[in-house]
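Inside the fold
Spelled out from the first residue to the last, the chains are:
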Protein chains: 4
Amino acid sequence: MTNNLRAFLGFHELSTVHFYKALLCEFLGTGILIVSTCGSIVSMDAGRVVSTFSTAMTSGMTVAYIVWTFNHVSGAHINPVVTFAFMITGIVSLTKTVGYILSQCIGAVTGAAIIWYMLPPSWRGNLGSTVFHEDVTLAQGFFIEVISTFIMVLGVFATSDRYRTDHSGSLPLTIGLIVFMESAWAGKLTGCSMNPARSLGPAVLSGSWDHHWVYWLAPALGSSCGSLLYQHVLAESPQEANTSI
Amino acid sequence: MTNNLRAFLGFHELSTVHFYKALLCEFLGTGILIVSTCGSIVSMDAGRVVSTFSTAMTSGMTVAYIVWTFNHVSGAHINPVVTFAFMITGIVSLTKTVGYILSQCIGAVTGAAIIWYMLPPSWRGNLGSTVFHEDVTLAQGFFIEVISTFIMVLGVFATSDRYRTDHSGSLPLTIGLIVFMESAWAGKLTGCSMNPARSLGPAVLSGSWDHHWVYWLAPALGSSCGSLLYQHVLAESPQEANTSI
Amino acid sequence: MTNNLRAFLGFHELSTVHFYKALLCEFLGTGILIVSTCGSIVSMDAGRVVSTFSTAMTSGMTVAYIVWTFNHVSGAHINPVVTFAFMITGIVSLTKTVGYILSQCIGAVTGAAIIWYMLPPSWRGNLGSTVFHEDVTLAQGFFIEVISTFIMVLGVFATSDRYRTDHSGSLPLTIGLIVFMESAWAGKLTGCSMNPARSLGPAVLSGSWDHHWVYWLAPALGSSCGSLLYQHVLAESPQEANTSI
Amino acid sequence: MTNNLRAFLGFHELSTVHFYKALLCEFLGTGILIVSTCGSIVSMDAGRVVSTFSTAMTSGMTVAYIVWTFNHVSGAHINPVVTFAFMITGIVSLTKTVGYILSQCIGAVTGAAIIWYMLPPSWRGNLGSTVFHEDVTLAQGFFIEVISTFIMVLGVFATSDRYRTDHSGSLPLTIGLIVFMESAWAGKLTGCSMNPARSLGPAVLSGSWDHHWVYWLAPALGSSCGSLLYQHVLAESPQEANTSI
């Protein structure tokens, strides 16, 4: 077995404490994402429909919090297609990918259960599940989730580009504001999930499974395109970074 | 008496000027917290019910201001359960804990008195006291305050983790945005206090004492869990920080 | 004449190019403050009453922009009582104080004239003048302007404290968010001016002079208290800063 | 041919890979600007009129995202008059100016086509085209676009001023918040375009060409004034920067 393949598989990570701490962080992070994002959709205006702007900003700041708090342990992916994008660009091993995605899904379902418990029964509705607006066709909805995830993942990879020296300010806050910005235009159309775990959690608890496959396939497609474009075309190359110093 | 016990008790701090400056800052900070947070709830829309989003953002930015302005003197806890969490993790002495909590409570009541004075009588209502929504049960409300304080304290300890080198951007603003994000989903349910002093101030002035004990016990429980989890499991260890350099 | 007195008077500054560039920046900054703050009050919802939250955030981000753009030349005071506070704490000379305040007032009136011109006549109203809510008494209004300016100036001096090493993030944005946070609770009560020039500009153009003296005297009192408290009690001392290194 | 003229023309840039990567980034950036800005205007409240505040913040955070993600390759101008301002101040060559403006216009039309496709037909309206409010005269609208672009370009040049050492925090976020702040007061009056490409994209797809020439001429005039004023009067000079160290 070559070293490259060994690194890609990453079985050796299973024997480190850090690996399990990282799984814990992905679990906690995705759980908190669901509690706060879905919680705000349902409860911010006491069970009535809340403005897209308000829930978009809450989602964004929740992501900022999670990156801020858990980044040093797990990288705070809290999204299966982000982990997948880091795998296909060679940054994260297969073992970590599988572990992270499982933790994210379990965390999301746990978060939805917490929201379900803590909300008054008459408020619960579909627990903030991502749904297509009734005017949106399947093709449009699929396309919207592809485009929005593509844009988000470009921003995530720009943030993770360690040869860039032009970034200033808060990386977690910037990623949060990207989530806000996208939810502001796509939230009413498809819920702007960009994240299969975020769609899975409330779906399990509320039984709202319409178009659920779209929320896995479209973000995976969008994140693949975004991550490959950034890594192979837009990433700052080490040489350029050196010459600019 | 061992050195450890002496450090824990911290009587020697009573003879420093800095200690009393810190008490002044906790007093000022908690007073301003009440003026701005409760003031915005009552007055932002001229005595009518104001949106949760607006008051959540105002609360958050008030906390950001307080951390920004008073952090260098007292650490800007402005919250008895944050001070308590720093005590049980060995960061703050018993003397300081008692002094801070007294200052915070006196500051909160003073802030509520200022709000009471400066509002037109017909606007005052319960002065922005934290109350359970009528649809929320005692168990749900208790649980919500535990969870929200747990999440907040994780973020506060992540911010205070001096071995982390991955933070970027404004620490005060980040803590403020955590408060915003939590108030956005829990504000309508329990007021999202996460802070006994914040509940105490307007309760004293308006006589709105329903479930008041919850606002002491639940945040204390949540902050204990959050601070111990972060310090003993998630904190960056000095060795790891060194090896990553 | 002693050197101290000579420095306080600052006549020598009159012969530097930088002095007149600074006056230009105070003129531009205060003009833009009025255009954006008053403009948003009148036009954000097309001549109807706009939410306090929206105008508060616009005011805050306008201040952030002005500090960002003009700080390196003039310090971006754009507020007579901020300049006054820097004078009584020995940071700014008398000559500069007089020049800045004149520039700020001329800039504010110019900004109001621009707003007046560019708004449809039926929208103009009082051009976003600061007024007391009809339920607010003179004593309450005076007190509110004192307290809000006191809080704001504490934050400004904390930002300017060059011995503090604990600040992180954007100084201009922080000052902007302080303005937002205060306007959120005091905006509906008195307009939350905290700035005589900001009250003067639209008053001149619209003739809305009610309680105008309050908007000079109360902010001056609040800023005096805030600046003296910060400089003489809360400021990081050079020694402490050194020992903490 | 002198070296100065050769540098101004910049034909040699046509033979670098970086030039075409930069064109790609301007294309992508302007496309995303239109998708998010126009998309939020049309879809944030499901086809009904959305608040100026919400769309202003979305526009601003979209700009922040684009600067964050594409700045290292192309500078993330995404605006013909910003590129023009960098040309007349000698920072960008003629070749780059022409290439960038073409990329921006093609990107904007592509973005509008994406929005057109992904929106339910009954929601599309004028696809978020910039239009004068019916109460605004031609002279007022022209003046508003001049003033708002002037203010924006001052801020952009302040951000790009490499001799300034007083900036702190996130440059991309600051530019985004400038766009927010301006859209908050000018959005209802003229759409607060400040960007011919942003006006061109939805105009091509929706056929909404009223006053279209204003959205080219007024921003060009405003950005010329702003950039020349900053570069020749307000810019930190290298000497001053040195002496202040």
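Attention here is on the structure that accompanies the text. The structure displayed is predicted, hence computed values, not measured ones.

1. Quick look at the overall build of chain A
Along the backbone of chain A there are 10 helices and 0 strands. Along chain A, helices (α) and strands (β) appear in the sequence α-α-α-α-α-α-α-α-α-α when read from the amino end. Computed over C-alpha atoms, the radius of gyration of chain A comes to 18 Å, within 12% of the 18 Å expected from 2.2 N^0.38 for 245 residues, which places it in the range of a compact globule. The dimensions of chain A, computed from C-alpha atoms along their principal axes, are 60 × 40 × 35 Å. By the burial criterion, 64% of the 245 residues in chain A qualify as buried. Contacts in chain A between residues far apart in sequence, at least 24 positions, make up 80% of those at least 6 positions apart.

2. Focus on the relation of the copies chain D and chain A
By a simple turn and slide, chain D fits onto chain A: the slide is 0.0 Å along the axis, the RMSD is 0.0 Å, and the turn is 90°. Overall, the copies show the geometry of a four-fold rotation axis. The position closest to the rotation axis in chain D is occupied by the C-alpha of Gly169(D), lying 3.1 Å away. Mapped onto chain A, only 15% of the interface residues of chain D are again interface residues, and the two copies thus contact each other with different surfaces.

3. Digging into the environment of Phe142(B)
Within the secondary structure layout, Phe142(B) lies in helix α6 (residues 138-160). With 135 residues separating them along the chain, Phe142(B) and Ala7(B) place their C-alpha atoms 34 Å apart.

4. Here we look at the pattern of salt bridges
Applying the stated rule across the entire model yields 7 salt bridges over all chains. Glu13(A) is paired through a salt bridge with Lys96(A); the nearest N and O atoms lie 4.0 Å apart. Pair noted here: Glu13(A) is in the loop between α1 (3-9) and α2 (17-43) and Lys96(A) is in helix α5 (residues 94-118), with a separation of 83 residues, a long-range link. The class for Glu13(A) is buried, based on a relative accessible area of 15%. Between Asp166(B) and Arg164(B) there is a salt bridge whose closest N-O contact spans 2.9 Å. For Arg164(B), a relative accessible area of 7% corresponds to the buried category.

5. A word on helix α8 (residues 196-206) of chain D
All names here are of chain D. Most of α8 is tucked away, with 8 of its 11 residues classed as buried. Along α8, the residues that are buried comprise Pro196, Ala197, Arg198, Ser199, Leu200, Gly201, Pro202 and Ala203. Buried residues in α8 make contact with α2 (17-43), α4 (80-88), α5 (94-118) and α9 (214-234). One side-chain oxygen of the residue at the start of α8 lies 3.0 Å from the amide nitrogen of alanine 197, identifying that residue as asparagine 195. Positive phi appears at glycine 207, one or two residues downstream of α8, with a value of about 70°.

6. Examining the interface of chain D and chain A
Between chain D and chain A, the contact holds 41 residues from the first and 41 residues from the second. Approximately 3300 Å² of surface area, both sides summed, lies buried where chain D meets chain A, with 71% of it carried by carbon and sulfur atoms. In this structure, the connection of chain D to chain A is made through 0 salt bridges. Linking chain D with chain A are 18 residue pairs in polar contact (both at pLDDT 80 or more). Secondary structure elements with two or more residues in the side of chain D that touches chain A: α2, α3 (52-74), α5 and α7 (171-190) of chain D. Considering every element that reaches the side of chain D that touches chain A, the biggest residue donor is α3(D), with 14 residues.

7. Overview of the packing of helix α2 (residues 17-43) of chain C against α9(D)
Taken N-terminus to C-terminus, the directions of α2(C) and α9(D) make an angle of 150°; their axes are 12 Å apart at the nearest point. Viewed along their axes, α2(C) and α9(D) adopt a mutual orientation that is roughly antiparallel. Seen from α2(C), the contacting residues are Lys21(C), Leu24(C), Cys25(C) and Leu28(C); seen from α9(D), they are Leu229(D), Val233(D) and Leu234(D).

8. Focus: the side chain of Ser43(D)
Mapped onto the elements, Ser43(D) comes out in helix α2. The exposure class assigned to Ser43(D) is buried, which follows from its relative accessible area of 1%. If we skip the residues at most four places from it in the chain, Ser43(D) touches Trp185(A), Lys188(A), Leu189(A), Leu119(D) and Trp123(D).

9. Here's the deal with the relation of the copies chain C and chain B
Superposing chain C onto chain B takes a rotation of 90° plus a shift of 0.0 Å along the axis, which leaves an RMSD of 0.0 Å. The share of interface residues of chain C whose copies in chain B are also at the interface is only 15%, consistent with the copies meeting through different surfaces.

10. Let's talk about the interface of chain C and chain B
With 41 residues of chain C at the interface, the matching set in chain B holds 41 residues. Note on chain C versus chain B: buried area summed over both sides is about 3300 Å², and carbon and sulfur give 71% of it. Three residues, Phe53(C), Trp185(C) and Leu234(C), lead the burial of chain C against chain B; their summed loss comes to 17% of the area buried on that side. One can count 0 salt bridges joining chain C with chain B.

11. Some thoughts on a nonpolar patch on the surface
All names here are of chain A. Together, Leu5, Phe8, Leu94, Val98, Leu102 and Ile106 make up a nonpolar patch on the protein surface, roughly 500 Å² of accessible area in all. Residue assignment for the nonpolar patch shows that the elements contributing at least two residues are α1 and α5. For the nonpolar patch, the leading source of residues is α5, giving 4 residues. Summarising the element assignment, leucine 94 is placed in helix α5.

12. Some words on the packing of helix α6 (residues 138-160) of chain A against α5(D)
The contact between α6(A) and α5(D) brings their axes to 9 Å, and the two run at 140°. Looking at the two axes, α6(A) sits oblique to α5(D). Contacts between α6(A) and α5(D) involve Ala139(A), Gln140(A), Phe143(A), Ile144(A) and Ile147(A) from the first element and Ile114(D), Tyr117(D) and Met118(D) from the second. Classifying every residue of the contact of α6(A) with α5(D) by side-chain character gives 7 nonpolar, 1 polar and no charged.

Conventions used here
- Residues numbered from 1 in each chain as written.
- Chains lettered and ligands numbered in written order.
- Predicted model: local features only at pLDDT ≥ 70, side-chain atom pairs only at ≥ 80, totals over all residues.
- Heavy atoms only, no water.
- Helix = DSSP H or I, 4+ residues; strand = E, 2+ residues; numbered from the N terminus.
- Rg over C-alpha atoms; globule rule 2.2 N^0.38 Å.
- Buried < 20%, exposed > 50% of the residue type's maximum accessible area, 1.4 Å probe, protein only.
- Contact = heavy atoms within 4.5 Å.
- Least-squares fit on C-alpha atoms with pLDDT ≥ 70 in both.
- Salt bridge = Lys/Arg side-chain N within 4 Å of Asp/Glu carboxyl O.
- Polar contact = N/O pair within 3.5 Å; in protein donor to acceptor, adjacent residues only side chain to side chain.
- Buried area = accessible area lost by both parts, 1.4 Å probe.
- Axes fitted to C-alpha atoms, helices over the stretch in contact; angles between N-to-C directions.
- Parallel < 35°, antiparallel > 145°, perpendicular 65-115°, else oblique.
- Patch = residues over 30% accessible without salt bridge, like charges linked within 9 Å, V, L, I, M, F, W, Y side chains within 5 Å.
- Areas by Shrake-Rupley, 256 points an atom, 1.4 Å probe, with all protein chains shown as cover.
- Nonpolar A, V, L, I, M, F, W, Y, C, P; charged D, E, K, R; others polar.

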